[in-house]
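# Secondary and tertiary structure notes
The chain contents come next:
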Amino acid sequence: MANPLYDRLFDAHTGKVTPFLHLQDGRVITHHEFLSTGAQIANAAFKIGLKPGDRVAVQVQKSPEALALYAACARAGLVFLPLNTAYTTDELSYFIENSGASLVVCDGKSEAALTPVAGNFNARIETMNADGSGSLMEQAKAMPVDFDTIDRDGDDLAALLYTSGTTGRSKGAMLTQNNLLSNAEALAKEWRFSSDDVLLHALPIFHTHGLFVATNVTLVAGGSLIFMPKFDLDEIIARMPEATSMMGVPTFYTRLLGDDRFTKELAAHIRLFVSGSAPLLAETHIQFEERTGHRILERYGMTETNMNTSNPFDGERRAGTVGFPLPGVEIKITNPDSGETLPDGEVGQIEVRGPNVFKGYWRMPEKTADELRENGFFITGDLGKIDEDGYVHIVGRNKDLIISGGYNIYPKEIELILDEQPGILESAVIGVPHPDFGETVIGVVVAENGHSPDLEGMMEAVRRSLARFKHPRRLVVLDELPRNTMGKVQKNILRDQYREMFVSEGT
């Protein structure tokens, strides 16, 4: 046996002293140094009692050590579970319990709050800070730089990523070694990545985009990363001449366009700009091409499938579309009620099948059966069409999922908090277009008779319970919510009513 994911992404670079990570402080970490750190972490994990198949829940700041932890998990056969750094302790409690994580790795500042949570679910807790310090790295530094890679099969679980739905709790998408590897190889080939590429990496690594697209594609090609802790406009502009490629969410590109320093000359060294995680406005496409001569490449993916489609590297990159299915990936548009395939040009639900499609939802067989057909097609919940030229268009979602700045938000979670507030009869949370974040959150509330809602008090309750990216940008008070004849709230009417609220706003 072997370990397909580790062998292809990491082991192929063993001994290389070529740069892998270019850091903001000027340091350069070679492939060899990076893999040595990963081996030390793998040794430390085994010494504290972890075994192949165990889940490792990780909520830490972006750092070379955090990325090395991902490599260590792949090498040791551990299941990597990255978690948004904005999640609150209450939110983390669910992920730790549901995943059955054996190890929780957190920032030192979170240790006191998370220690009792981890203890409740028999998980060990270790720390890892942005500067590379922390209890896990202290143990790792004393370990050998060699580790006998654990044999894994391509169908073995490599990662567990929690995805939002419109109701109920988050679902853990089970991603196998083959899911991750097949997608990285397909994207590297389609986007012409090579060992000469230097990717400007300002994305978070707890998300599919930053970890399984940007990082894995660079690794499989043998390239390097300008590894930035977060999006910093000044730093992006300063480092752009050193890069050959950049991946980002629409926010990155709107902010670049808002700065006069971002010129055609500055972008001249870049061969490819990729955007994803949220729709890119047609206006942004036009402005970007006029400013730089580059046409941004949009693609389409999701947590459960990695990437499904891409606009072509060579050929027309059509604004408003997400291009064609990737090699080996099948896309069909079906009738949501009957499941029958619809002709090209008709709008229906998007279904996808291929080596990129996940194994199912962790400990949720009913949800898996609902969304993953026996023939292998996954019902994405997105509505779309395929035009006469074969381009895939995303036209909406048959779920009420909100995507803001690339992060998934499900309304029910926010509505439950708003509904609990004094004097509130009911609420509805919607997503509306926003020029910077793709979408942003609006909370619509109805007061009980005789009550005047304390909007600031309601926002404070949301702040205490939920990550910042889930906070409503605005709360609106209505006398009643629009409903159909069956009594269901018609969120489409609310979205139409408030869709222009932030169209001209920048951030």
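Everything quoted here is computed from the prediction, not taken from an experiment.

Let us now look at the overall build of the chain. Each helix and strand in the chain was counted, giving 15 helices and 25 strands. Radius of gyration (C-alpha) of the chain: 23 Å, near the 23 Å computed for a compact globule of 507 residues. Here the chain holds 507 residues, and the buried ones make up 59% of them. In the chain, the proportion of contacts linking residues at least 24 apart, taken out of those at least 6 apart, comes to 67%. Across the chain, the centroid of the 48 positively charged side chains sits 2 Å from that of the 69 negatively charged ones.

Take the sheet that holds strand S15 (residues 324-325) next. Taken together, nine strands build an open sheet; the order of strands is S2-S1-S10-S9-S11-S12-S13-S14-S15 and the sheet is mixed. If you trace the sheet from one side to the other, it starts and ends with strand S2 (28-30) and S15, each paired once. Pairing between strand S12 (residues 272-275) and strand S13 (residues 297-302): two bridges, direction parallel. By the bridge assignment for S13, Ser275 is matched with Glu298. Helix H2 (residues 31-47) contacts strand S1 (19-23) and S2 of the sheet and is inclined by roughly 75 degrees relative to S2. Against the sheet, helix H10 (residues 250-257) engages strand S11 (245-248) and S12, with an angle of about 115 degrees to S11.

This part takes up the sheet that holds strand S24 (residues 438-447). Sheet architecture is open: three strands sit in the order S23-S24-S25, paired in mixed fashion. Taken across any chain shown, the strands that pair with only one partner, and hence form the sheet edges, are strand S23 (424-434) and strand S25 (474-478). With direction set aside, neighbouring strand axes in the sheet form an average angle of 30 degrees. Sitting on the sheet, helix H13 (residues 411-419) is in contact with S23, S24 and S25, with an inclination near 145 degrees to S23. In the packing of helix H14 (residues 455-465) onto the sheet, the strands contacted are S23, S24 and S25, and the crossing angle to S25 comes to about 130 degrees.

Tallying each qualifying case throughout the model produces 26 salt bridges. Within the structure, one salt-bridge network assembled from shared partners comprises Glu316, Arg318, Asp387 and Asp389.

Evaluation of the coordinates by the stated rule reveals zero disulfides. Between Cys73, a free cysteine, and Cys106, which holds the nearest cysteine sulfur, the sulfur-to-sulfur gap is 15 Å. Look at Cys73 and you get buried, because its relative accessible area is 2%.

Each α-helix winds once per 3.6 residues, and so residues spaced three or four apart point in a common direction. Restricting attention to buried positions, one finds in helix H11 (residues 282-292) the residues Thr284, His285, Phe288 and Thr292. Looking down the long axis of H11, one finds its buried residues gathered within 105 degrees of arc, a one-sided arrangement. For H11, the exposed residues lying more than 90 degrees away from the buried face are Glu283 and Glu290. Packing partners of the buried residues in H11 comprise H10, S12 and S13. Phi turns positive, to about 85 degrees, at Gly293, one or two residues after H11.

Within the secondary structure, Gly100 sits in the loop between helix H4 (89-99) and strand S5 (103-106). Residue class for Gly100 comes out partly exposed when judged on its relative accessible area of 26%. Filtering out sequence-adjacent residues up to four positions away, Gly100 remains in contact with Arg55 and Arg363.

Attention shifts here to the pairing of S23. Counting buried positions along S23 gives nine out of 11 residues, so the element sits mostly inside the fold. Pairing analysis gives 10 bridges linking S23 to S24, with the strands arranged antiparallel. Bridging across to S24, Pro433 finds its partner in Glu439. Hairpin connection, S23 to S24: the antiparallel pair is bridged by three residues.

All right, on to the packing of aromatic side chains then. In this structure the tally under the stated criterion is 22 aromatic pairs. With centroids separated by 5.0 Å and ring planes inclined at 45 degrees, the aromatic side chains of Tyr87 and Phe95 adopt a geometry described as tilted. Residues Tyr87 and Phe95 agree in their burial class; the two are buried. Feature note: the residues Tyr6, Phe10, Phe20, Phe34, Tyr70, Phe80 and Phe212 constitute an aromatic cluster, connected by ring pairs. Positioned over the ring face of Phe227 is Lys62, at 4.7 Å from the centre of the ring. In this structure, Arg271 is placed above the aromatic ring of Phe193, and the distance from its NZ or CZ to the ring centre is 4.9 Å.

Next up on the list: unusual backbone geometry. For Asn122, which is not glycine, the phi torsion reads 60 degrees and is therefore positive. Of note, Asn122 is situated in the loop between helix H5 (111-120) and strand S6 (124-127). Even without a glycine there, the phi angle at Asn306 is positive, about 55 degrees. Looking at where Asn306 falls in the secondary structure, it is placed in strand S14 (residues 306-310).

Calculation criteria
Residues numbered from 1 in each chain as written. Predicted model: local features only at pLDDT ≥ 70, side-chain atom pairs only at ≥ 80, totals over all residues. Heavy atoms only, no water. Helix = DSSP H or I, 4+ residues; strand = E, 2+ residues; numbered from the N terminus. Rg over C-alpha atoms; globule rule 2.2 N^0.38 Å. Buried < 20%, exposed > 50% of the residue type's maximum accessible area, 1.4 Å probe, protein only. Contact = heavy atoms within 4.5 Å. Lys, Arg positive; Asp, Glu negative; His and termini not counted. Charge placed at Lys NZ, Arg CZ, Asp CG, Glu CD. Pairing = 2+ DSSP bridges. Axes fitted to C-alpha atoms, helices over the stretch in contact; angles between N-to-C directions. Salt bridge = Lys/Arg side-chain N within 4 Å of Asp/Glu carboxyl O. Disulfide = S-S within 2.5 Å. Arc of directions from axis to C-beta. Phe/Tyr/Trp six-rings, centres within 6.5 Å; stacked < 30°, edge-to-face > 60°. Lys NZ or Arg CZ within 6 Å of the ring centre and 35° of its normal.

Geometric descriptors of this kind do not, in isolation, establish any biological role.
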